[in-house]
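Observations on the model geometry
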Amino acid sequence: LTTDTDETYIEFDFSGSVISITPVSATDDTTVTVVYSAEDAFGENLTLSFNVRVVNGPSVESPLDDIELTISGDSVYVSFSGVFASSIADLGLNYSITNTAQTISEVTEFSSDQQYFVVDDLLVGNSTLLLTVSDSLNATATDTINVVVNDAPSVNDIPNQLFTVGQTVGVPFNQVLST
């Protein structure tokens, strides 16, 4: 069994009656014609061909910034439109999000179609969101977003003060505001 196919885009492995084909590179969307020949025990040659479409999977084009929240603060709306790139429009893209620490932050809304999610704080700490795109060939790309939830600043009461006319009293604000 022999082949005269250009191996720039695909590599072959012949094992018994199986041809294993491995894509090695693509320029967006490449179709390679595989031509192979076999000679039987009687010296007869048979030549067949078939096409192999080699495509690049999706990739992270513009990663999202990390998210910083304050406990008991507002939720954050995040658009992920433009984060991923795929040169093959007909392969259909699906989006998903995974939260590695659901006790720290929570994804309260997620829209694959409109390409956004909303994240809210739960506890002080760090979590990681894994935003993943996959195409119909199961090729994937993942953007990692770190989420930091900070404690809200608190204000301590200032004790009532008694002043005598002409007296200057300093109030230590570093004891009033804490983070």
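A brief report on the enclosed structure follows. Quick caveat, the model's predicted, so the values are computed rather than measured. (Residues numbered from 1 in each chain as written. Predicted model: local features only at pLDDT ≥ 70, side-chain atom pairs only at ≥ 80, totals over all residues. Heavy atoms only, no water.)

1. A closer look at the sheet that holds strand β8 (residues 76–79)
Operational definition: Being paired, for any two strands, means DSSP has found at least two bridges between them. By the criteria applied, helices consist of DSSP H or I runs no shorter than four residues and strands consist of E runs no shorter than two, each listed in order from the N terminus. To obtain an axis, a line is fitted to C-alpha atoms, over the contacting stretch when the element is a helix, and the angle between two such axes runs from 0 to 180 degrees between their N-to-C directions.
The 3 strands are arranged β8-β12-β11 in an open sheet whose pairing can be described as antiparallel. The sheet is open, and its two borders are formed by β8 and β11 (105–111), each paired with just one other strand. Along the sheet, successive strands turn relative to each other by an average axial angle of 25 degrees, direction set aside. When β8 meets strand β12 (residues 116–121), the two strands line up antiparallel, connected through 4 bridges. For V78, the partnering residue across the bridge sits in β12 and is F117.

2. Describing the nonpolar core
What counts is decided by this rule: Buried Ala, Val, Leu, Ile, Met, Phe, Trp, Tyr and Cys residues that are joined via side-chain atoms within 4.5 Å together make up what is termed a nonpolar core. For every residue, the accessible area (1.4 Å probe, protein chains only) is compared with the maximum for its type, and the residue is labelled buried under 20%, exposed over 50%, or partly exposed between those bounds. Two residues qualify as a contact provided that any one of their heavy atoms is within 4.5 Å of a heavy atom in the partner residue.
In terms of nonpolar packing, the biggest core is built from 20 residues, with L64, I67, F80, F84, F117, L129 and L131 touching the most fellow members. Counting only elements with at least two residues in this core, the list comes to β7 (67–70), β12, β13 (125–135) and β14 (140–150). Looking at this core, the element that brings in the most residues is β14, giving 4 residues. Aside from chain neighbours lying at most four places away, what touches L64 is V78, S79, F80, V83, F117, L131, D143 and I145. Counting 7 residues, the second largest nonpolar core, distinct from the first, contains I10, V32, V34 and V54.

3. Some words on the packing of aromatic side chains
Let me state the cut-off plainly: Between rings of Phe, Tyr and Trp, where Trp is taken as its six-membered ring, a pair exists when centres lie within 6.5 Å; planes separated by under 30 degrees are stacked, by over 60 edge-to-face, and by other angles tilted.
Enumeration according to the criterion identifies 5 aromatic pairs in this entry. On the basis of an interplanar angle of 55 degrees and a centroid distance of 5.2 Å, the ring pair of F80 and Y95 is categorised as tilted. Taken together, the positions of F80 in the loop between β8 and β9 (84–85) and Y95 in strand β10 (residues 93–99) put the pair 15 residues apart, joining distant regions of the chain. Of the two residues examined, F80 and Y95, each falls in the buried class. Ring geometry for F84 against Y95: centres 6.0 Å apart, planes inclined by 40 degrees, an arrangement best described as tilted. Placement of F84 in strand β9 and of Y95 in strand β10 is noted, with a sequence separation of 11 residues between them.

4. Looking at the sheet that holds β13
With mixed pairing, 4 strands are arranged side by side in an open sheet as β7-β14-β13-β10. Of all strands in the sheet, those with a lone pairing partner are β7 and β10, marking the two edges. Ignoring which end each strand starts from, the neighbouring axes of this sheet average 20 degrees apart.

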